[in-house]
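Survey of secondary and tertiary structure
Now for the letters of each chain:
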Amino acid sequence: FKDLETHLSGIIYGSWLKASEQIRNSKENLGTIRFLIGPNTNLDYGDRIKVISSVSKLYSNFSIPKKLTIIEYNFRDMDWAQKQYEENKTINYDSNLVKNQCNDQNGCGSGFAGITQSNEGVILIGQGSTGTGISYVGRTLKGQIYAHEYTHIIQNINSVSTNSGATYGMLPRWLLEGNADWSGTAATFFMNYSEYLELRNSSLESQYANANLFTSEWIKTFLNPNFIANSGQDNWAYWDKYDHWYVYAFGQMVNEILVSLKGTDSVMNLYKYSGNGMTFTE
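Report follows, based on the coordinates. (Residues numbered from 1 in each chain as written. Predicted model: local features only at pLDDT ≥ 70, side-chain atom pairs only at ≥ 80, totals over all residues. Heavy atoms only, no water.)

1. Let's talk about the overall build of the protein chain
This is how the line gets drawn: Secondary structure elements are defined from DSSP: runs of H or I of at least 4 residues count as helices, runs of E of at least 2 residues count as strands, and each element is numbered from the N terminus. As a reference, a globule follows 2.2 Å times the number of residues to the power 0.38, and the radius of gyration itself is taken over C-alpha atoms. A 1.4 Å probe rolled over the protein chains alone gives each residue an accessible area, and that area as a share of the maximum for its type sets the label: buried under 20%, exposed over 50%, partly exposed in between. The contact criterion used is simple: two residues touch if any of their non-hydrogen atoms lie within 4.5 Å. Note that accessible areas follow from Shrake-Rupley with a 1.4 Å probe, and for residues the cover is restricted to the protein chains shown.
Of the regular secondary structure elements, the protein chain holds 12 helices and 6 strands. Taken over C-alpha atoms, the radius of gyration comes to 18 Å for the protein chain, in line with the 19 Å a tight globule of 282 residues would show. Taking the principal axes of its C-alpha atoms as reference, the protein chain extends roughly 60 × 45 × 40 Å. Looking at the 282 residues of the protein chain, the share that counts as buried comes to 50%. Taking the contacts inside the protein chain whose residues are at least 6 apart along the sequence as the reference set, 75% of them involve residues at least 24 apart. For the protein chain, the exposed surface amounts to about 13800 Å²; the carbon and sulfur share of it is 49%.

Structure, rendered in structure tokens:
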């Protein structure tokens, strides 16, 4: 630790290496997957099973849904997608979800993940978004978005409590998104560290460019290590005052640190512990 800053890249590489070794040495652990594709929709990325399978290997020691439904749609299939979503309603159902993911005719960006009352996984992925940068290519054209959203499914499933359903909201928002973004990138590019690093650095470009703004005190306040959550409340409102991307950016960096220290299971275990009734502080 005395020369940690000099060897900071070791944390980044170490987390990727542990993920790569875990995926290479694990068996596929997938349930039944059903794809629902809009009648007017062309897919941005075809080999979805490949990246989803990588995530299942990354978290082979955890529960996964026996059934997974993936709804894929573009701007012209919004009504169709909302109907499919209503027929596969998740615990965190949002009646405006499809509308919010499709703000203009240039395409439908981003994804969504949730579980049903019967613990089946549901993912919605918008198609037809446009872009040319590294982040767009890595997330959309190389399938990272599927791996990201499937990680959310595993978080959900493993945080289920017999008393109160999924308890993922009892853990910090940056943990949820940071773990999904790191897992999605590591699982998508587990064979190629340079591609992992390329998407990672593109995602964190603003943080590195403005590093002087993020003092240790700022980071401590943002992470809120003494986070206290209460059932039935919006525990993530604490992070509403920050830029939306910060929970992803700083979350994935913390995830790299935790994985480097304690391995790939360390973060997902927090969701399992939450489902068993432990608080984040505990």
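Still more to cover.
2. Focus on helix 3 (residues 78-87)
Stated precisely, the cut-off is as follows: Regarding the arc, it is the one traced by the directions from the helix axis to the C-beta atoms.
Within the sequence span of helix 3, burial applies to Met78, Ala81, Gln82, Gln84 and Tyr85. Buried positions in helix 3, seen along its axis, are confined to an arc of 160° and lie on one side of it. In this structure, helix 3 carries Asp79, Lys83 and Glu87 as exposed residues pointing more than 90 degrees from its buried face. If you follow the buried residues of helix 3, they end up packed against strand 1 (32-37), strand 2 (67-73), helix 4 (97-101), strand 3 (111-115) and strand 4 (121-126).

3. Topic: the sheet that holds strand 3
Rules: Should DSSP find at least two bridges between two strands, the strands are taken to pair. Helix axes are fitted only over the stretch in contact, all axes being lines through C-alpha atoms; the angle between N-to-C directions runs from 0 to 180 degrees.
In spatial order, the strands read 1-2-4-3; together these 4 strands make up an open sheet with mixed pairing. The open sheet is flanked by strand 1 and strand 3, the only strands paired with a single partner. Direction aside, the axes of adjacent strands within the sheet are offset by 15° on average. Across 6 bridges, strand 2 lies against strand 4 in parallel orientation. Within the sheet, the bridge partner assigned to leucine 68 lies in strand 4 and is glycine 121. Helix 2 (residues 48-58) contacts strand 1 and strand 2 of the sheet and is inclined by roughly 140° relative to strand 1.

4. Examining the layout of surface pockets
The criterion, for reference: Here the term cavity refers to a set of points on a 1 Å grid, laid over the protein atoms alone, in which a 1.4 Å probe fits but cannot get out; the term pocket refers to an open set having protein on both sides within 12 Å along at least five of seven lines, with lining residues being those that place an atom within 4 Å of a point. Grid points are joined across faces, edges and corners, and a volume is the space filled by probe spheres set on the points. Residues are grouped as follows: nonpolar covers Ala, Val, Leu, Ile, Met, Phe, Trp, Tyr, Cys and Pro; charged covers Asp, Glu, Lys and Arg; every other residue, Gly included, is treated as polar.
For the largest pocket, the calculated volume is near 1000 Å³. Broken down by secondary-structure element, the contributors of at least two residues to the lining of the largest pocket are helix 4, strand 3, strand 4, helix 5 (134-141), helix 6 (144-158), helix 7 (173-188) and helix 11 (246-262). It is helix 6 that provides the largest number of residues to the lining of the largest pocket, a total of 7 residues. Class assignment of the residues belonging to the lining of the largest pocket gives a composition of 15 nonpolar, 18 polar and 7 charged. The space that makes up the second largest pocket amounts to roughly 600 Å³. Lining the second largest pocket are 28 residues, with Ala166, Thr167, Tyr168, Gly169 and Met170 positioned closest to its centre. Those elements giving two or more residues to the lining of the second largest pocket turn out to be strand 6 (165-166) and helix 12 (265-275). Counted by class, the lining of the second largest pocket contains 11 nonpolar, 16 polar and 1 charged residues.

5. Here's the deal with the state of the cysteines
Simply put, disulfide is the name for a covalent bond between the sulfur atoms of two cysteines. Filter applied, for reference: Count a disulfide wherever a pair of cysteine sulfur atoms falls within 2.5 Å.
One pass over the structure, following the stated rule, counts 1 disulfide. The disulfide bridge from cysteine 102 ends at cysteine 108, spanning 2.0 Å between sulfur atoms. Residues cysteine 102 and cysteine 108 share a disulfide whose torsion about the S-S bond is about 110°; that sign makes it right-handed. A single burial state applies to cysteine 102 and to cysteine 108, both of which are buried.

6. Topic: the pairing of strand 4
Here strand 4 lies mainly inside the structure; 6 of its 6 residues are buried. What you see with strand 4 is no split at all: Gly121, Ile123 and Ile125 on one side and Val122, Leu124 and Gly126 on the other are buried throughout. Connecting strand 3 to the antiparallel partner strand 4 that follows it, the hairpin turn spans 5 residues, and asparagine 119 within it adopts a positive phi of roughly 65°.

7. Focus: the packing of aromatic side chains
Defined as follows: Stacked, tilted and edge-to-face are the three classes assigned to paired rings of Phe, Tyr and Trp, where Trp is represented by its six-membered ring and a pair needs centres within 6.5 Å; plane angles under 30 degrees give stacked, over 60 edge-to-face, the rest tilted.
As enumerated under the stated definition, the model contains 25 aromatic pairs in all. Between tyrosine 168 and tryptophan 236, the aromatic rings sit 6.0 Å apart at their centres with planes inclined by 45°, giving tilted as the arrangement. One end of the pair, tyrosine 168, is in the loop between strand 6 and helix 7; the other, tryptophan 236, is in the loop between helix 10 (216-223) and helix 11, with 68 residues separating them in the sequence. Here tryptophan 236 falls in the buried class, since its relative accessible area comes to 19%. Summarising the aromatic geometry, the rings of phenylalanine 227 and phenylalanine 280 are spaced 6.2 Å apart at their centres and angled 75° between planes, so their arrangement reads as edge-to-face.

Function cannot be inferred from these measures alone, as they are strictly geometric.
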